[in-house]
Amino acid sequence: MEVMFQSSGHVLITLLRGDIDHHTASALRQTIDQSMKEFGCSDLVMDFSGVGFMDSAGIGVVLGRYKKLMKTGGRICVSGCSPHVARLLEMAGVFSLVQRADTRMQAESMLQSQPQMTGEV
């Protein structure tokens, strides 16, 4: 699993490459959380366009970031999902909580243009 980051204002863009499974999920969680702190970003885009395979551990990564961000008023949007990843996230009900965009640029635009929310989970 390879992860690259870009910052755009208050949005951290996470570019994911490779497989997300129980072997890579823990390190991915830690890397994203640390980068959110280092970049000082409140919102997160997770770009799945480079993900070939994802299992339920990937669902946990997304939902864990959602829960963490909701506590501080942040938001998350996923983009670039392959049919496999999109189906997995849809079946798990993730899209009822997390915004979805076709492209990374659309996701970034969605988070830049919407006001932040506050709340707790």
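Above this text is the structure in question.
This write-up is about the structure you can find in this document. (Residues numbered from 1 in each chain as written. Predicted model: local features only at pLDDT ≥ 70, side-chain atom pairs only at ≥ 80, totals over all residues. Heavy atoms only, no water.)

Considering the nonpolar core
Among the nonpolar cores identified, the biggest contains 28 residues, and Met-46, Phe-48, Val-62, Val-78 and Leu-89 are the most heavily contacted of them. Of all elements in the fold, only strand E2 (11-20), helix H1 (25-39), strand E3 (43-54), helix H2 (56-71), strand E4 (76-79) and helix H3 (83-91) reach the threshold of two or more residues within this core. At six residues, H2 tops the list of elements feeding residues into this core. Beyond its immediate sequence surroundings of up to four residues, Leu-89 is in contact with Met-54, Ile-59, Val-62, Val-78, Cys-81, Val-94 and Phe-95. Within the second largest apolar cluster, eight residues are counted, among which are Leu-15, Cys-77, Ala-107 and Leu-111. (Core = buried A, V, L, I, M, F, W, Y, C linked by side-chain atoms within 4.5 Å. Buried < 20%, exposed > 50% of the residue type's maximum accessible area, 1.4 Å probe, protein only. Helix = DSSP H or I, 4+ residues; strand = E, 2+ residues; numbered from the N terminus. Contact = heavy atoms within 4.5 Å.)

Side note on the sheet that holds E3
An order of E1-E2-E3-E4-E5 is seen for the five strands of this open sheet, with the pairing classed as mixed. Two strands close off the open sheet at either side, each with one partner strand: strand E1 (2-8) and strand E5 (99-101). Going across the sheet, the axis of each strand differs from the next one's by a mean of 25°, ignoring polarity. Direction of pairing for E1 relative to E2: antiparallel, over a ladder of seven bridges. (Pairing = 2+ DSSP bridges. Axes fitted to C-alpha atoms, helices over the stretch in contact; angles between N-to-C directions.)

Topic: H3
If you check which residues of H3 are buried, you get Val-85, Ala-86 and Leu-89. In a view along the axis of H3, the buried residues occupy a sector of 100°, so they form one face of it. H3 presents Pro-83, Arg-87 and Met-91 as exposed residues on the side facing more than 90 degrees away from its buried surface. On the buried face of H3, the contacting elements are E3, H2, E4 and E5. Gly-93, located one to two residues past H3, shows a positive phi value of around 80°. (Arc of directions from axis to C-beta.)

Thoughts on the state of the cysteines
Considering all chains together, one arrives at zero disulfides under this definition. Looking at Cys-41, it has no disulfide partner, and the nearest cysteine sulfur is the one in Cys-77, 15 Å off. Unpaired in terms of disulfides, Cys-81 finds its nearest cysteine sulfur in Cys-77, a separation of 9.0 Å. (Disulfide = S-S within 2.5 Å.)

Thoughts on the environment of Asp-47
Locating Asp-47 in the fold gives a position in strand E3. By relative accessible area, Asp-47 is classed as buried at 2%. Spatially, the C-alpha atom of Asp-47 lies 18 Å from that of Gly-93, the residues being 46 residues apart in sequence. Within polar-contact distance, the side chain of Asp-47 engages the side chain of Arg-104 at 2.9 Å. (Polar contact = N/O pair within 3.5 Å; in protein donor to acceptor, adjacent residues only side chain to side chain.)

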